[in-house]
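Observations on chain architecture
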Amino acid sequence: MKILFWGTPAYAVPSLTALVEAGHGLVGVVTQPDRRRGRGKELQPSAVKARALELGLQVFTPERIRREPACQQQLGALGADAYVVVAFGQILPPEVLQQPPLGCWNAHGSLLPRWRGAGPIQWSLLEGDAKTGVGIMAMEAGLDTGPVLLERSIGIGLLENAHQLGQRLASLSAELLVEALPTIAAAG
């Protein structure tokens, strides 16, 4: 299956790596533009961009995909069967959501509908949830409103912090994406 991967932070790196290791053909990676970080305020690539370049993948860094029709067309011309999104950081416009024949799929770091949108890991900890998980969901124009194809829950440790929980959920996202893609391909 030909996949266009969308992701930005370190949380998304295990999913990118797992898709490549599972033998899926990645036609490219879309991530946030380089940002100034650290004491020297030097431009730094996102964790996903750094990993994509290590893997020799073509990288796209739109500032706002919603306002960049030329970039939207360029991405559509890549001919991906499906788009996979893991913590990209921008809402995909309808023009992009309609491009791939097998749809756009998001690995969301919570058990929907409990925590939609940004910060689901932090919200689950702040609210004292006993469990959380990952859902692989079809993307729609609404924020985390599409149907969930596959979901798995995990318990939250009593003293677990957002970083620790995020690492476990990142691994689970990678695992579930690899598990879900054959079902997505078969449905097409």
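Residue numbers restart at each chain and count upward from 1, following the sequence in its written direction. Reporting in this predicted model follows two pLDDT cut-offs: at least 70 for local features of residues, and 80 or more for side-chain atom pairs to be given and counted; totals over whole chains, interfaces and linings ignore these cut-offs and use all residues. With hydrogens and water set aside, each side-chain value is computed from the structure's full complement of heavy atoms.

Section: the packing of helix H1 (residues 13-21) against helix H6 (residues 162-187)
The convention used is that axes are lines fitted to C-alpha atoms, helices contributing only their stretch in contact, and that angles between N-to-C directions extend from 0 to 180 degrees. The way it works is that DSSP assigns letters per residue, a run of H or I at least four long becomes a helix, a run of E at least two long becomes a strand, and they are numbered from the N terminus. At their nearest, the axes of H1 and H6 sit 8 Å apart, and the two run at 35° to each other. Note that H1 runs across H6; the crossing there is right-handed. Contact residues: H1 offers Pro 14, Ser 15, Ala 18 and Leu 19, while H6 offers Ala 170, Ser 173, Ala 174, Leu 177, Val 178 and Leu 181. Polar here means any residue other than Ala, Val, Leu, Ile, Met, Phe, Trp, Tyr, Cys and Pro, which are nonpolar, and Asp, Glu, Lys and Arg, which are charged; Gly is therefore polar. Across the contact of H1 with H6, the residue classes break down as eight nonpolar, two polar and no charged. Each helix crossing is assigned a hand: it is left-handed if the near helix lies turned anticlockwise from the far helix by less than a right angle, otherwise right-handed if that turn is clockwise. Any two residues whose heavy atoms approach within 4.5 Å at even a single point are treated as in contact.

Some points on the pairing of strand E2 (residues 25-30)
Buried residues are those whose accessible area, probed at 1.4 Å on protein chains only, stays under 20% of the maximum for their type, while exposed residues exceed 50% and partly exposed ones sit between those limits. Counting buried positions over the six residues of E2 gives five, a clear majority of the element. In the sheet, strand E1 (residues 2-7) pairs with E2 via five bridges, with the strands oriented parallel. The residue bridging Trp 6 from the neighbouring strand is Val 30, located in E2. With the strands pointing away from the viewer, any crossover whose connection runs clockwise from the first strand over the helix to the second is right-handed. As a crossover connection, the stretch from E1 through H1 into E2 is right-handed. A pair of strands counts as paired when DSSP detects no fewer than two bridges linking them.

Some remarks on the nonpolar core
Buried Ala, Val, Leu, Ile, Met, Phe, Trp, Tyr and Cys residues form a nonpolar core when they are joined through side-chain atoms within 4.5 Å. In terms of nonpolar packing, the biggest core is built from 34 residues, with Phe 5 and Ile 136 touching the most fellow members. When residues in this core are grouped by element, the largest group, nine residues, is from H6. With near-sequence residues (within four places) excluded, Phe 5 lies in contact with Ala 12, Ser 15, Leu 16, Leu 19, Leu 26, Gly 28, Val 29, Val 30, Val 48, Val 84 and Val 86. Grouped together as the second largest cluster of nonpolar side chains are 16 residues, Leu 4, Val 30, Phe 60 and Cys 104 included.

Section: the layout of surface pockets
Points on a 1 Å grid over protein atoms alone make up a cavity when a 1.4 Å probe fits among them but cannot get out, and a pocket when they form an open set with protein on both sides within 12 Å along at least five of seven lines; lining residues each have an atom within 4 Å of a point. Grid points are joined across faces, edges and corners, and a volume is the space filled by probe spheres set on the points. For the largest pocket, the calculated volume is near 700 Å³. The wall of the largest pocket is formed by 30 residues, among which Ala 87, Phe 88, His 108, Gly 117 and Ala 118 lie closest to the centre. Counting residues per element, the ones that place at least two in the lining of the largest pocket are strand E7 (104-108), helix H5 (120-126) and H6. Grouping the amino acids of the lining of the largest pocket by side-chain chemistry returns 17 nonpolar, 11 polar and two charged.

Notes on the state of the cysteines
When two cysteine sulfur atoms lie within 2.5 Å, the pair is treated as a disulfide. Tallied over the full model, the rule gives zero disulfides. Cysteine Cys 71 is unpaired, with the sulfur of Cys 104 as its nearest cysteine sulfur at 14 Å.

Thoughts on the packing of aromatic side chains
Paired rings are identified among Phe, Tyr and Trp, the last through its six-membered ring, by centres lying within 6.5 Å, and are further divided according to the angle between planes into stacked (under 30 degrees), edge-to-face (over 60) and tilted (the rest). Using the criterion set out here, one finds three aromatic pairs in the structure. When the ring of Trp 6 is compared with that of Tyr 83, the centres are 5.7 Å apart and the planes differ by 45°; the resulting orientation is tilted. Taken together, the residues Trp 6 in strand E1 and Tyr 83 in strand E6 (residues 82-86) connect sequence positions 77 residues apart. Aromatic side chains Trp 6 and Phe 88 sit 5.1 Å apart centroid to centroid with 85° between the ring planes, which places their arrangement in the edge-to-face category. With Trp 6 in strand E1 and Phe 88 in the loop between E6 and helix H4 (94-97), this pair connects stretches of sequence that are 82 residues apart. Both residues of the pair, Trp 6 and Phe 88, count as buried. Each residue in the set Trp 6, Tyr 83 and Phe 88 is aromatic and connected to the rest through ring pairs, giving one cluster.

A word on the environment of Leu 102
Along the polypeptide, Leu 102 turns up in the loop between H4 and E7. Taking the C-alpha atoms as reference points, Leu 102 and Leu 55, 47 residues apart in sequence, are found 24 Å from one another.

Overview of the side chain of Asp 129
Position of Asp 129 among the secondary structure elements: in the loop between H5 and strand E8 (131-138). Residues adjacent in sequence count toward polar contacts only when both atoms are side-chain atoms; beyond that, a polar contact is any pair of N or O atoms within 3.5 Å, and within protein one must be able to donate a hydrogen and the other to accept it. Polar contacts involving the side chain of Asp 129 include one to the side chain of Arg 114, which spans 2.8 Å. Aside from chain neighbours lying at most four places away, what touches Asp 129 is Arg 114, Trp 115, Ser 124 and Ile 156.

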